[in-house]
Amino acid sequence: MWRWGGRRGLRAVHGLHGGRAHHKVWRWKSDQVCERALQYKVGEKIHGFTINQVTSVPELFLTAVKLSHDNTGARYLHLAREDKNNLFSVQFRTTPMDSTGVPHVLEHTVLCGSQKYPCRDPFFKMLNRSLSTFMNAFTASDYTMYPFSTQNAKDFQNLLSVYLDATFFPCLRELDFWQEGWRLEHENPSDPQTPLIFKGVVFNEMKGAFTDNERIFSQKLQNKLLPDHTYSVVSGGDPLCIPELTWEQLKQFHATHYHPSNARFFTYGNFHLEQHLKQIHEEALSKFQKIEQSTAVPAQKPWDKPREFHITCGPDSLAADASKQTTVSISFLLPEYNGYTREAYFSVGLQGIAEKDVQIVKELIDRTIDDVIEKGFEDDRIEALLHKIEIQMKHQSTSFGLALTSYIASCWNHDGDPVKLLQIGNQLNKFRKCLKENPKFLQEKVEQYFKNNQHKLTLSMKPDNKYYEKQTQMETEKLKQKVSSLSQEDKWQIYEKGLELRAQQSKPQDASCLPALKVSDIEPTMPFTKFDIALAAGDVPVQYCAQPTNGMVYFRTFSSLNTLPEELRPYVPLFCSVLTKLGCGILDYREQAQQIELKTGGMTVSPYVLPDESHLDTYEQGVLFSSLCLERNLPDMMHLWTEIFNNPCFEEEEHFKVLVKMAAQELSNGIPDSGHLYAAFRASKTLTPAGDLQETFSGMDQVRLMKRIAEMTDIKPILRKLPRIKKYLLNCDNMRCSVNATPQQMTQAEKEVENFLRNVGRSKKERKPVRPHIVEKPAHGDSAGSAHVNGCQIIRKLVIDPTFKPCQMKTHFLLPFPVNYVGECVRTVPYADPDHASLKILARLMSAKFLHAEIREKGGAYGGGAKLSHNGIFTLYSYRDPNSVETLQSFGKAIDWAKSGKFTEQDIDEAKLSVFSAIDAPVAPSDKGMDHFLYGLSDEMKQAYREQLFAVSHDKLTTVSNKYLGIGKSTHGLAILGPENAKIAKDPSWIVR
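Residues numbered from 1 in each chain as written. Predicted model: local features only at pLDDT ≥ 70, side-chain atom pairs only at ≥ 80, totals over all residues. Heavy atoms only, no water.

### Re the overall build of the chain
Phase 1 of the analysis: Looking only at helices and strands, the chain features 33 helices and 30 strands.
Phase 2 of the analysis: Relative to its length of 993 residues, the chain is compact, with a C-alpha radius of gyration of 29 Å against a globular reference of 30 Å.
Phase 3 of the analysis: Considering only C-alpha atoms, the chain reaches an extent of 85 × 75 × 65 Å along its principal axes.
Phase 4 of the analysis: Within the chain, the fraction of its 993 residues that count as buried is 59%.
Phase 5 of the analysis: Considering only residue pairs separated by 6 or more positions, the chain has 82% of its internal contacts joining residues 24 or more positions apart.
Phase 6 of the analysis: If you sum the accessible surface of the chain, you get close to 40,000 Å²; carbon and sulfur atoms cover 51% of it. (Helix = DSSP H or I, 4+ residues; strand = E, 2+ residues; numbered from the N terminus. Rg over C-alpha atoms; globule rule 2.2 N^0.38 Å. Buried < 20%, exposed > 50% of the residue type's maximum accessible area, 1.4 Å probe, protein only. Contact = heavy atoms within 4.5 Å. Areas by Shrake-Rupley, 256 points an atom, 1.4 Å probe, with all protein chains shown as cover.)

### Quick word on helix α8 (residues 247–257)
Phase 1 of the analysis: When we look at burial in α8, the residues that qualify are L250, F253, H254 and H257. Across the axial projection of α8, the buried residues extend over an arc of 100°, all falling on one side.
Phase 2 of the analysis: Buried positions along α8 lie against β6 (86–93), α2 (102–110), α4 (153–168) and α5 (174–180). (Arc of directions from axis to C-beta.)

### What about helix α12 (residues 400–413)?
Phase 1 of the analysis: In this model α12 runs 20 Å from its N-terminal to its C-terminal C-alpha over 14 residues, within 8% of the 20 Å that 1.5 Å per residue would give.
Phase 2 of the analysis: The principal kink in α12, of about 25°, is found at Y407.
Phase 3 of the analysis: Counting buried positions along α12 gives 14 out of 14 residues, so the element sits mostly inside the fold.
Phase 4 of the analysis: One or two residues past the end of α12 sits D415, with phi positive at roughly 65°. (Expected span 1.5 Å × (residues − 1). Bend = angle between axes of the 7 residues up to and from the residue.)

### So, empty space enclosed by the protein
Phase 1 of the analysis: Going through the model one piece at a time under the given rule, you end up with three cavities of 30 Å³ or more.
Phase 2 of the analysis: Its volume calculated, the largest cavity comes out at about 200 Å³.
Phase 3 of the analysis: Residue assignment for the lining of the largest cavity shows that the elements contributing at least two residues are α7 (213–225), β15 (345–353), β16 (456–463) and α21 (653–683).
Phase 4 of the analysis: Sorting elements by how many residues they give to the lining of the largest cavity places α21 first, with five residues.
Phase 5 of the analysis: Of the residues that constitute the lining of the largest cavity, the class distribution is eight nonpolar, 10 polar and three charged. (1 Å grid on protein atoms, 1.4 Å probe; cavity = no way out; pocket = protein on both sides within 12 Å on 5 of 7 lines; lining within 4 Å. Points joined across faces, edges and corners; volume = space filled by probe spheres on them. Nonpolar A, V, L, I, M, F, W, Y, C, P; charged D, E, K, R; others polar.)

### Quick word on the pairing of strand β28 (residues 873–881)
Phase 1 of the analysis: Burial analysis of β28 places eight of its nine residues in the buried class, the great majority of the element.
Phase 2 of the analysis: Here strand β26 (residues 820–827) pairs with β28 via seven bridges, running antiparallel. When the bridges of β28 are listed, V826 appears paired with F874.
Phase 3 of the analysis: As paired strands, strand β27 (residues 863–868) and β28 are joined by six bridges and run antiparallel to one another. Paired with K867 across the strands is T875, a residue of β28.
Phase 4 of the analysis: Between β27 and β28, which pair antiparallel and follow one another directly, the connecting turn spans four residues, one of which, G872, has a positive phi of 85°. (Pairing = 2+ DSSP bridges.)

### Notes on the pattern of salt bridges
Phase 1 of the analysis: Throughout the structure, instances matching the rule amount to 56 salt bridges.
Phase 2 of the analysis: Taking the shortest distance from any N to any O, the salt bridge between D366 and K456 comes out at 3.3 Å. Of this pair, D366 sits in helix α10 (residues 358–375) while K456 is found in strand β16, placing the two residues 90 residues apart along the sequence.
Phase 3 of the analysis: Its relative accessible area of 34% is what places D366 among the partly exposed residues.
Phase 4 of the analysis: The exposure class of K456 is buried, given its relative accessible area of 17%.
Phase 5 of the analysis: Salt-bridge contacts for E567 lead to R724; the nearest nitrogen and oxygen are separated by 2.8 Å. Pair noted here: E567 is in the loop between β19 (552–560) and α18 (572–578) and R724 is in helix α25 (residues 721–729), with a separation of 157 residues, a long-range link. (Salt bridge = Lys/Arg side-chain N within 4 Å of Asp/Glu carboxyl O.)

### Remarks on the sheet that holds β16
Phase 1 of the analysis: The strand order β13-β16-β14-β15 describes an open sheet built from four strands, whose pairing is mixed. Here the strands that pair on one side only, and so sit at the sheet edges, are β13 (307–313) and β15. Neighbour-to-neighbour, the strand axes of the sheet open up by a mean angle of 15°, direction not taken into account.
Phase 2 of the analysis: One ladder, built from seven bridges, connects strand β14 (residues 326–333) with β15; its direction is antiparallel. The residue bridging S331 from the neighbouring strand is S347, located in β15.
Phase 3 of the analysis: Lying on the sheet, α10 is in contact with β13, β14, β15 and β16; it crosses β14 at an angle near 35°. (Axes fitted to C-alpha atoms, helices over the stretch in contact; angles between N-to-C directions.)

### Focus: the sheet that holds β28
Phase 1 of the analysis: Strands sit in the order β27-β28-β26-β29-β25-β30 across an open sheet of six strands; the sheet is mixed. Every other strand in the sheet has two partners, leaving β27 and β30 (991–992) as the edge strands with one partner each.
Phase 2 of the analysis: Together, β27 and β28 form the strand contacts of helix α27 (residues 834–858), whose direction differs from that of β27 by roughly 170°.
Phase 3 of the analysis: Across the sheet, helix α28 (residues 885–900) is in contact with β26, β28 and β29 (972–978); its angle to β28 comes to roughly 140°.

### Comments concerning the packing of helix α22 (residues 689–698) against helix α23 (residues 700–710)
Phase 1 of the analysis: In contact at an axis separation of 5 Å, α22 and α23 are set at 35° when each is read in the N-to-C sense. Both α22 and α23 take part in a crossing whose hand is right-handed. For the pair α22 and α23, contact is made by E695, T696, F697 and S698 and by M700, D701 and Q702, respectively. (Left-handed = near helix turned anticlockwise from the far one by under 90°.)

### Some remarks on the layout of surface pockets
Phase 1 of the analysis: In this model, the second largest pocket occupies a volume close to 1,400 Å³.
Phase 2 of the analysis: What lines the second largest pocket is a set of 41 residues, among which E187, I197, P882, N883 and E886 lie closest to the centre.
Phase 3 of the analysis: When contributions to the lining of the second largest pocket are tallied by element, the ones reaching two or more residues are β11 (196–199), α6 (201–209), α16 (467–484), α27, α28 and α33 (982–986).
Phase 4 of the analysis: With six residues, the top contributor of residues to the lining of the second largest pocket is α28.
Phase 5 of the analysis: Of the residues contributing to the lining of the second largest pocket, the split by class is 16 nonpolar, 13 polar and 12 charged.

### A short note on the environment of Q493
Phase 1 of the analysis: With respect to the helices, strands and loops of the structure, Q493 is situated in helix α17 (residues 488–506).
Phase 2 of the analysis: Judged by relative accessible area, which is 47%, Q493 ranks as partly exposed.
Phase 3 of the analysis: For Q493 and T109, which are 384 residues apart along the polypeptide, the C-alpha to C-alpha distance reads 22 Å.

### Section: the nonpolar core
Phase 1 of the analysis: Ranked by internal contacts, the top residues of the largest apolar core, which has 109 residues, are F88, Y146, F168, F265, I280 and L977.
Phase 2 of the analysis: Among the elements that take part in this core, α4 stands out by supplying eight residues, more than any other.
Phase 3 of the analysis: With residues up to four places along the chain from it excluded, the contact list for F265 reads A74, R75, Y76, L77, F88, S89, V90, L164, F168, I280, L285 and W412.
Phase 4 of the analysis: Among the nonpolar cores identified, the runner-up in size contains 67 residues, and M637, F656, L730 and C732 belong to it. (Core = buried A, V, L, I, M, F, W, Y, C linked by side-chain atoms within 4.5 Å.)

### A look at the packing of aromatic side chains
The description of two aromatic rings rests on the distance between their centres and on the angle between their planes.
Phase 1 of the analysis: Throughout the structure, instances matching the rule amount to 38 aromatic pairs.
Phase 2 of the analysis: Aromatic side chains F92 and Y258 sit 4.3 Å apart centroid to centroid with 15° between the ring planes, which places their arrangement in the stacked category. Of this pair, F92 sits in strand β6 while Y258 sits in the loop between α8 and β12 (263–269), and the two are 166 residues apart along the sequence. Considered together, F92 and Y258 belong to a single accessibility category, that of buried residues.
Phase 3 of the analysis: Here K224 stacks its cationic end above the ring of F309, 4.6 Å away from the centre of that ring.
Phase 4 of the analysis: A cation over a ring is seen here: K867 above Y877, with NZ or CZ 5.6 Å from the ring centre. (Phe/Tyr/Trp six-rings, centres within 6.5 Å; stacked < 30°, edge-to-face > 60°. Lys NZ or Arg CZ within 6 Å of the ring centre and 35° of its normal.)

### Regarding the packing of helix α11 (residues 379–394) against helix α14 (residues 424–437)
When two helices pack together, their arrangement is captured by the angle between the axes and the distance separating the axes.
Phase 1 of the analysis: Interaxial distance between α11 and α14 falls to 11 Å at its minimum, and their mutual angle equals 170°. The orientation of α11 with respect to α14, classified from their angle, is roughly antiparallel. For the pair α11 and α14, the crossing hand works out as left-handed. Residues I382, E383, L386, I389 and M393 of α11 form the contact with α14, whose own contacting residues are I424, L428, F431, R432 and L435.
Phase 2 of the analysis: Residues of the contact of α11 with α14, tallied by class, amount to eight nonpolar, no polar and two charged. (Parallel < 35°, antiparallel > 145°, perpendicular 65-115°, else oblique.)

### As for the side chain of N731
Phase 1 of the analysis: With respect to the helices and strands, N731 occurs in the loop between α25 and β22 (735–741).
Phase 2 of the analysis: A distance of 3.1 Å separates a polar side-chain atom of N731 from the backbone oxygen of K727.
Phase 3 of the analysis: In contact with N731, other than residues within four places in its own chain, are S559, F645, V760, G761, R762 and S763. (Polar contact = N/O pair within 3.5 Å; in protein donor to acceptor, adjacent residues only side chain to side chain.)

What follows is the structure in structure tokens.
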């Protein structure tokens, strides 16, 4: 559940909104909440806090209130904003001086029980007793943050109580440290004859984290560029150093770093500030007195000459030629950036080059710096960047509070002013003024920070085929060292402790001390979304959804792949990834990229496999084109789409090669972070026709195909496939569109969409679907909630494959990782089947009440659980798991547990709360109506499903467990990504790839 945050440095805020609609119905309702906050006076005292500053930030529709706690000096920032998704976070400056991962292990361990809530693992238990929209914790290089968000006021108070007690009054039991951090334990804890090995959640998490070569590179970059203090170590923990951490050191680190004097509190949303202050003061801060902190990070001493380092990493498991996988970057420390930060740096680098080209890259970057100092930046480049910031301010994300707390964290952590950072309008005005007064302002900055900066690091990383072998060898040495220093009595104690830990993990937990919402706290009905459907250009349905979008327009079009020849299908994801990057019309690829940056907030093209809500063997296949822009740029954005559809450029062979290599590298780099998804795609490949196509588009098949293409010496045959795909895809046949915008923007939007569709070609001849079995199905939605103009409807053309027969397949992908990703998938029922709701609750129940304890606590994996997808595939999975075959056995035990019905009514209610917190998560104005547009789901269908979820009972859960999950009941598929495995190698039922 926890994500080691790594360096959080400087990054753009995504989803900052602003702007104001002119129509009174849609006027942004910031007034009441912001006005209320503006009434506070500087110096005013509230519940042990003093108000220090009250600032209106109109560009983000919020009022910032800065406070400090009188007794402890704790800092507090409240952002009042008309947003019902309220957020709390507390962060501590945590500055480790070694790589034992002490702040990371502490982050895990404080959430394992506290004075007021002594039950084991209250954090995970609250996931099922709450309607939270977000709950997590992050360890960054120099701070640890604990955020949550919820739309329910009672839930907010419950979660705040648990988070305050966890961070300030944790139990920090030794057994929790053993489970979450590291321990020596017998391979089989109940057999002292089996060898002792290292176990522990963080230990395995970090082994998994360092299979990601990008993670290795960025970690080493920071360590080498800032070598004098805390940034020279791995805050998440180096797996070879984690076993040096002691329980005593952990407790000591908590005592010195988790004190209110070293804390920064943040709240956001439309709940009352006074209530937050009262609860935080009474439940936590009133019990402390101020202490002097010693956690400040001194400024890094600048170098007097540049430095160079070479490091190694694991080989890319899917690449043939390791000599062309070198990564290089040139990085500069920016010592005065924003006047506060201790860790800001600027990097420019390349991946996938030959080692001999490192020198060429260095020379190229030096030449670029000289060119910029001499010629400056083009006005359009500057405008594109400012335009990007304007879009970020206006685009409304559903996790705006989380984006803000992450954005200000680093600055605030080093005593910078977070409110100044939020005043983006002021910063832009200042920037424009500097440019106006001094046209060479940017050139001078480039000269100061890059040309004349001696604090410059060149870091290059080359794969070593024996990297993982060497890591394993070092771990074996470390283990040997540890074991050889143990006396017989020590060994006996380890055995006893292992049994004690296993007994604790297996003991039923009494969670009655924890606060909880009830199922009756869930809204019985969901809000309905209104939209209109009209036909454009004669026969293309367009869904118009009027929303308060802050002056943004969101346009999407979905185009069917039914007529595409079978042999072109695997190349569709590649076509999608390069379509907007090769140039179009009279624009070459550079000019096209610039126009997209200047006129839009991005244009993306993605393949989609959409399930049918009533049949498992029926699905819709197509490509979704998505984009967003400011109202004033709508004609330009639609013109760009017209050119991309009518005149895409497929001639740039050299640039195409670069794009292919980048796409292949990105896919390969994504495996360590998303291995469980790849395992699930493969495991479901033979269960439904849609699963088969999903594996082709998004699974290991696609990764391997892209690696093969990236290594081709002659790429022309692949390039020639693109115009062929274009012919079948980029036309008005079998297309539908959607627009989300403000009501007053709709007239112009209709005109622009009509123009676009009239200008886009139609195919010259009647093309027959490649698979002849096509079912036409109207999207549901003739309702009071969705007004249809002239009775227009969206007709979905679904593929049905009568020859498909589900079958079991077991695949083991050999990857040179020290951890596994395991997936087992079961074919169940589609969304409209009443059993789907019961299986949805069952998946959550199995995750929380059985799999979490088996796979994470006992097995030491970073994560694991069960989930049911919209497409009727029930998936059991594990993530960064030291086990594989044992985990599959745990999946079997979980199914037996579910069939036996060993769960209570309270357990079922908790599972319902957890499922509803996901179903009722906030939807951004840009995404309203998308379930109807893409999946054909009406609000009535979703409300009916909601009622089925409420009605799930103990009997229904045992019935669906027995009906679908047992062996022989439904078809199962299995997949593992991970290292060689002797048991699997001997088993002929497994395909080893």
